[in-house]
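Chain by chain, the residues run as shown.
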Amino acid sequence: MAAIETRECETEGCSSEAKLQCPTCIKLGIQGSYFCSQECFKGSWATHKQMHKKAKEDKNQDEAKNCVENDTNTDPWPGYRYTGKLRPHYPLTPMRHVPGNIERPDYADHPLGMSESEQSLKGTSQIKILSAEDIEGMTVVCKLAREVLDIAALMVKPGMTTEEIDYTVHLACTARNCYPSPLNYYNFPKSCCTSVNEVICHGIPDRRPLVDGDILNVDITVYHNGFHGDLNETFFVGEADEGAKKLVQTTFECLMQAIDSVKPGIRYRELGNIIQKHAQANGFSVVRSYCGHGIHKLFHTAPNVPHYAKNKAVGVIKPGHVFTIEPMICEGAWQDETWPDGWTAVTRDGKRSAQFEHTLLVTETGCDILTRRLDDHGRPHFLNQI
Amino acid sequence: MDEDDDCPELVPIAGNPLSPGEQIPVTIITGYLGAGKTTLLNYILTEQHNKRIAVILNEFGEGSALEKSLAVSQAGELYEEWLELRNGCLCCSVKDNGLKAIENLMQKKGKFDYILLETTGLADPGAVASMFWVDAELGSDIYLDGNCFYFVLNHLTEEKPEGLVNEAARQIALADLTIINKTDLVNGEELNHLRDTVRSINGLVKILECQKSRVDLSQVLDLHSFDNKDGVNLAEKLQLVKTTTRPHLDKSILTVTFEVAGSLSEDVLNVFIQDLLWEKAFKNQAGLPMKVIRLKGIVSIAGKANQVMLQGVHELYELDETPQVWGKEPRVNRLVFIGRNLDREILQEQFISTVLKVGDRN
């Protein structure tokens, strides 16, 4: 769990605490450059500006060859300072088409991808209790979502691009008469989310080939017969290092421990306490900006299920509730930021993050994992890769 | 490339959440057209003061715009900024778009000393407040300072369709501060009656009066209504609150307060509050469910040396330890409820029989 370190001013001879940073260095991607005050900074400006000069020269050399290699652009937002090594690989293929006979959610045809049905319920904390018919619909769609994820799992290997995985997911959905829920949801451009290494969630599939040692999360949601089913798993690409194994294993355990506690009467706010306790015990942190959610006829709705401890989530778990738990656990600190694409969430410190998700139906005595794996003794895929 | 030789202005280190002492307060201002709200805000913006105050005007919280303008005042100068409201994933994001937009702006352009948010008169201050009343764990740069409702006499007394009168009452119920403007147009008796009406709805709210929208800024800012810095004041205020005594007006909003000596079990207290706020499990004598809009109190938790503050708006609530320690006097729990269909006897009875029983040892 990274605490905020106190930094020392860079000026030679000055050891005051630094709370300010040079904005030009931020722009040029120069790490550090912390100073205690404007006056002190001015004092060392003559030497400091040499760093800018050098960084610009280096950049000019790289620019010509780096960015557009083999028609792939890995620097679509000049000036953006990446938190880790991952880069987008543009351009993306055009938005995929879904055959007309497949039922579409309301946002699929909205110009901004907005869901009127979700907006009309925004802010309410009333949690729907599903009827027997609704439960049947959810059971079916979650099973289909699981099938699609299992197919995606087969594609995970070094050299495969995330766009190729997305294409497979897209075809698997349409073959099952499902609409891939992420497609055009608030204008998301692809049919699933692929999150590599320091990406916490909502990674956009692109031209980047997977590299041996990567960890990859594939998040699948499908829409069938008026219902959505949502799940995700983190996989190893090729050989995983010990740190990756520990992170992924712990994240999976966080999810399963939370699921084990789900039964009528438990408060939704309690789940975050369980998850954070286990994550912290293993030296990891819990992402706070994204949380689990109710899901049925709407992709995202009440309840809100934060994964961190001491949260103010409203609601008591009752039979007939359906929701997801999807903890995102990090090697370093939990703070996140978003790429200029408006979607890709990455850790601020560039360290890796893993995630697992299930859609759950609350029963009288506990819950059913609607998205559980039916073969291989229900084990998550990564356990076969260790 | 000459400008590169100029020494740029340093910016705060990104990603460092501010410690509680450095967080920026937000006050939400609601009020009707014609109350003088905009005049007040313009007055605040143009008045000379040393603070960097941002005022976000109107329609905040309405989701569809992609950009919102923001007027910023610094040393009496006014300029405009733009908040980018990214349309990204509204779905499972814990922080509201508007909140994130303000945080992003502050990272780029530096911190404000204060943020005032004006909403349209009929916006639900509870809903807007919940956008800013985020869990301390989220490490936001912003904290909710309070709700301010701005109105004139007419809004409460005029013969209006019932809906509108109820609306004003609801706004008062959720307010931490109300400002009554144009008091120069009102005679002494009417003003007293107005103050009484406001008090009967909300026993805790601070009342300010003014003419021509001129208020003393120090009375409006730093209300600390939602944090535990005000612990001592809160305890004193709670002692002064009285339960509303009015002839039976079922649909009106009232204040109910009681105090009970002893210590409580935190778990059972949580269940009591959740049953009250979420399940709406308590009914008044007429069989109508009690609907609590605002909840404030100081409670004694068995085993904790510090006084614990209780705070609730609609269904959101929080228990927070204050820096105040219980002294040698017997510990007394004081609670104030503001809402509809509240019955003091029933509430107090339920409280004593469920919560107090278990944690009876001091």
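Going along each chain's sequence as written, the residues are numbered from 1 onward. Just so you know, chain letters begin at A and ligand numbers begin at 1, following the order they were written in. The predicted origin of the model limits local features to residues at a pLDDT of at least 70 and limits the giving and counting of side-chain atom pairs to 80 or more, whereas totals for whole chains, interfaces and linings rest on all residues. Calculation of side-chain values draws on the structure's entire complement of heavy atoms; hydrogens and water are dropped beforehand.

- The name that an unreviewed UniProt entry assigns to chain B is COBW domain containing, with the source organism given as Hucho hucho.
- UniProt positions are given in the numbering used here, feature names are shortened, and annotations may be inferred rather than shown by experiment. Among the UniProt annotations of chain B, the heading Catalytic activity (unreviewed entry) holds the following wording: "GTP + H2O = GDP + phosphate + H(+)".

- For chain A, the name recorded in an unreviewed UniProt entry is Methionine aminopeptidase, with Hucho hucho as its organism.
- The UniProt entry for chain A carries the following text under Subunit (unreviewed entry): "Associates with the 60S ribosomal subunit of the 80S translational complex."
- The heading Catalytic activity (unreviewed entry) in the UniProt record of chain A holds the text "Release of N-terminal amino acids, preferentially methionine, from peptides and arylamides."

Description of the overall build of chain A
Move 1: Secondary structure elements follow DSSP: runs of H or I of four or more residues count as helices, runs of E of two or more count as strands, with numbering from the N terminus. When you go through chain A residue by residue, the secondary structure sums to nine helices and 21 strands.
Move 2: Its C-alpha atoms give chain A a radius of gyration of 23 Å, within 12% of the compact-globule value 21 Å for 386 residues.
Move 3: The buried label goes to any residue with under 20% of its type's maximum accessible area, the exposed label to any with over 50%, and the partly exposed label to all in between, with areas taken from a 1.4 Å probe on protein chains only. Classification of the 386 residues of chain A by burial places 58% in the buried group.
Move 4: In what follows, a contact means two residues having at least one pair of non-hydrogen atoms within 4.5 Å. Across chain A, every contact between residues at least 6 apart in sequence was considered, and the portion connecting residues at least 24 apart equals 69%.
Move 5: All accessible areas in this document rest on Shrake-Rupley with a 1.4 Å probe, and a residue is counted as covered only by the protein chains that are shown. With an accessible surface of roughly 16200 Å², chain A has 51% of that area assigned to carbon and sulfur atoms.
Move 6: Separation of charge centres in chain A, based on 41 positive and 50 negative side chains, amounts to 4 Å. Within these notes, the globule rule equals 2.2 Å times the number of residues to the 0.38 power, and the radius of gyration is based on C-alpha atoms. As used throughout, the charge tally considers Lys and Arg to be positive and Asp and Glu to be negative, leaving His and the chain termini uncounted. Every charge is mapped onto a representative atom, which is NZ of Lys, CZ of Arg, CG of Asp or CD of Glu.

A few points about the side chain of His224 of chain A
Move 1: Relative to the helices and strands, His224 of chain A is located in strand 10 (residues 215–224).
Move 2: Side-chain atoms alone can form a polar contact between residues adjacent in sequence; in general such a contact is a pair of N or O atoms within 3.5 Å, and within protein one must be able to donate a hydrogen while the other accepts it. Polar contacts involving the side chain of His224 of chain A include one to the main-chain carbonyl oxygen of Asn177 of chain A, which spans 3.1 Å.

Quick look at the packing of aromatic side chains
All names here are of chain A.
Move 1: Here is the rule: rings of Phe, Tyr and Trp (six-membered ring for Trp) pair when centre to centre is within 6.5 Å. Planes less than 30 degrees apart are stacked, more than 60 are edge-to-face, and the remainder are tilted. A complete count under the given rule lists 22 aromatic pairs over all chains for this structure.
Move 2: Centroid distance Tyr80 to Tyr82: 5.0 Å. Interplanar angle 85°. Geometry classified as edge-to-face. Tyr82 matches Tyr80 in its accessibility class, with the two residues each being buried.
Move 3: Geometrically, the ring pair formed by Tyr82 and Trp339 is edge-to-face, given 5.5 Å between the ring centres and 85° between the ring planes. Of this pair, Tyr82 sits in the loop between strand 6 (72–73) and helix 4 (116–120) while Trp339 sits in the loop between strand 17 (336–338) and strand 18 (345–347), placing them 257 residues apart in sequence.
Move 4: A relative accessible area of 11% means that Tyr82 is categorised as buried.

Concerning the sheet that holds strand 18 of chain A
Residues and elements named next belong to chain A.
Move 1: At least two bridges found by DSSP between two strands are what make those strands a pair. Strands sit in the order 9-18-17 across an open sheet of three strands; the sheet is antiparallel. Every interior strand has two partners, whereas the edge strands, strand 9 (199–201) and strand 17, have only one. When the angles between neighbouring strand axes are averaged without regard to direction, this sheet yields 40°. For helices, the axis comes from a line fit to the C-alpha atoms of the stretch in contact; other axes are also lines fit to C-alpha atoms, and the angle between any two N-to-C directions lies between 0 and 180 degrees.

So, helix 1 (residues 37–46) of chain B
Move 1: Where helix 1 of chain B is concerned, the buried positions are Lys37, Leu40, Leu41, Ile44 and Leu45 of chain B. For helix 1 of chain B, the buried positions fall inside an angular range of 135° around the axis, keeping them on one side. It is the directions from the helix axis to the C-beta atoms whose arc is reported.

Structural notes on the confidence of the model for chain B
Residues and elements named next belong to chain B.
Move 1: Residues at a pLDDT of 70 or more form 72% of chain B, whose mean pLDDT is 76.
Move 2: Counting contacts from residues 60–64, a segment whose pLDDT is below 50, to residues more than four positions away or on other chains yields 10 contacts.
Move 3: In the model, residues 86–92 has pLDDT below 50 throughout and makes 23 contacts with residues more than four positions away in sequence or in other chains.
Move 4: In the predicted assembly, ipTM is 0.71 and pTM is 0.79. pLDDT measures how confident the predictor is about each residue, on a scale from 0 to 100.

As for the sheet that holds strand 13 (residues 316–325) of chain B
Note: strands within a sheet are paired through backbone hydrogen bonds, in either parallel or antiparallel orientation.
All names here are of chain B.
Move 1: Across the sheet, which stays open at both edges, the five strands sit in the order 10-14-11-12-13 with antiparallel pairing between neighbours. The open sheet is flanked by strand 10 (253–261) and strand 13, the only strands paired with a single partner. Between one strand and the next, the sheet's axes are offset by a mean angle of 15°, whatever the strand orientation.
Move 2: Pairing of strand 10 with strand 14 (residues 332–340) involves nine bridges; the strand directions are antiparallel. Each bridged residue has a counterpart across the sheet, and for Ala261 the counterpart in strand 14 is Val332.

A word on the pattern of salt bridges
Residue and element names in this part refer to chain A.
Move 1: Definition used for salt bridges: Asp or Glu carboxyl oxygen within 4 Å of a side-chain nitrogen of Lys or Arg. If you walk through the whole model with that rule in mind, you get 24 salt bridges over all chains.
Move 2: A salt bridge links Glu233 to Arg146, with the shortest nitrogen-to-oxygen separation between them at 3.1 Å. Residue Glu233 is located in strand 11 (residues 227–236), and its partner Arg146 is located in helix 5 (residues 132–154); the two are separated by 87 residues in the primary sequence. We note that Glu233, like Arg146, is buried.
Move 3: We note a salt bridge from Glu163 to Lys190, for which the minimum N-O separation is 3.0 Å.

Things to note about the domain arrangement of chain B
Residue and element names in this part refer to chain B.
Move 1: Along its sequence, chain B is carved into domain 1 (24–219) and domain 2 (230–360).
Move 2: In this complex, domain 1 contributes 17 residues to the contact, which on the side of domain 2 involves 22 residues.
Move 3: Note on definitions: buried area is the accessible-area loss of two parts on being combined, 1.4 Å probe, summed for both. With both sides pooled, the region where domain 1 packs onto domain 2 buries about 1600 Å², and carbon together with sulfur makes up 63% of that total.
Move 4: On the domain 1 side of the contact with domain 2, Trp133, Ser200 and Leu204 bury the most area, a combined 41% of that side's loss.
Move 5: Here domain 1 is connected to domain 2 by one salt bridge.
Move 6: Linking domain 1 to domain 2 there are five residue pairs in polar contact (both at pLDDT 80 or more).
Move 7: Those elements giving two or more residues to the side of domain 1 that touches domain 2 turn out to be helix 3 (125–132), helix 5 (162–174) and helix 6 (188–201).
Move 8: Examining the composition of the side of domain 1 that touches domain 2, we find that six residues originate from one element, helix 5, more than from any other.
Move 9: Amino acids outside the nonpolar list (Ala, Val, Leu, Ile, Met, Phe, Trp, Tyr, Cys, Pro) and the charged list (Asp, Glu, Lys, Arg) are all regarded as polar, and Gly is one of them. Grouping the amino acids of the side of domain 1 that touches domain 2 by side-chain chemistry returns six nonpolar, six polar and five charged. By convention here, the domain bounds are inherited from an automatic or database domain assignment.

Here's the deal with the UniProt feature "binding site: Zn(2+) 3" (unreviewed entry) in chain A
Residues and elements named next belong to chain A.
Move 1: UniProt annotation of "binding site: Zn(2+) 3" (unreviewed entry) refers to Asp219, Asp230 and Glu357 when read in the numbering used here. In terms of the greatest pairwise C-alpha distance, the residues named above, spread along 139 residues, form a tight cluster of at most 8.2 Å across.
Move 2: As for its placement among the helices and strands, Asp219 is situated in strand 10.
Move 3: Not counting residues up to four positions away in its chain, the partners in contact with Asp219 are Cys192, Cys193, Asp230, Leu231, Asn232 and Glu357.
Move 4: In this structure, Asp230 sits in strand 11.
Move 5: Relative accessible area serves as the criterion here: at 3%, Asp230 is assigned to the buried category.
Move 6: Filtering out sequence-adjacent residues up to four positions away, Asp230 remains in contact with Asp219, Ile220, Thr221, His293, Ile295, Phe299, Thr324, Glu326, Glu357, His358, Thr359 and Thr371.
Move 7: At 3.0 Å, the side chain of Asp230 and the side chain of Thr221 are in polar contact.

Focus on the UniProt feature "domain: CobW C-terminal" (unreviewed entry) in chain B
Move 1: Using the residue numbers shown here, the UniProt feature "domain: CobW C-terminal" (unreviewed entry) corresponds to residues 253–355 of chain B.
Move 2: The span residues 253–355 of chain B carries 23% helix and 44% strand; its end-to-end C-alpha distance comes to 25 Å.

Topic: the nonpolar core
Move 1: Nonpolar core, defined: a set of buried Ala, Val, Leu, Ile, Met, Phe, Trp, Tyr and Cys residues in which side-chain atoms within 4.5 Å join the residues together. Formed by 79 residues in total, the largest nonpolar core has its most connected members in Ile115, Phe132, Phe337 and Phe351 of chain B.
Move 2: Shared between two domains, this core takes at least three residues from each, and those domains are domain 1 (24–219) and domain 2 (230–360) of chain B.
Move 3: For Ile115 of chain B, the residues in contact, after removing those within four places along its chain, are Ile24, Pro25, Val26, Thr27, Ala54, Ile56, Ile102 and Ile142 of chain B.
Move 4: Core analysis: the next-biggest nonpolar cluster, separate from the first, contains 41 residues, Val148, Ile165, Val222 and Trp339 of chain A among them.

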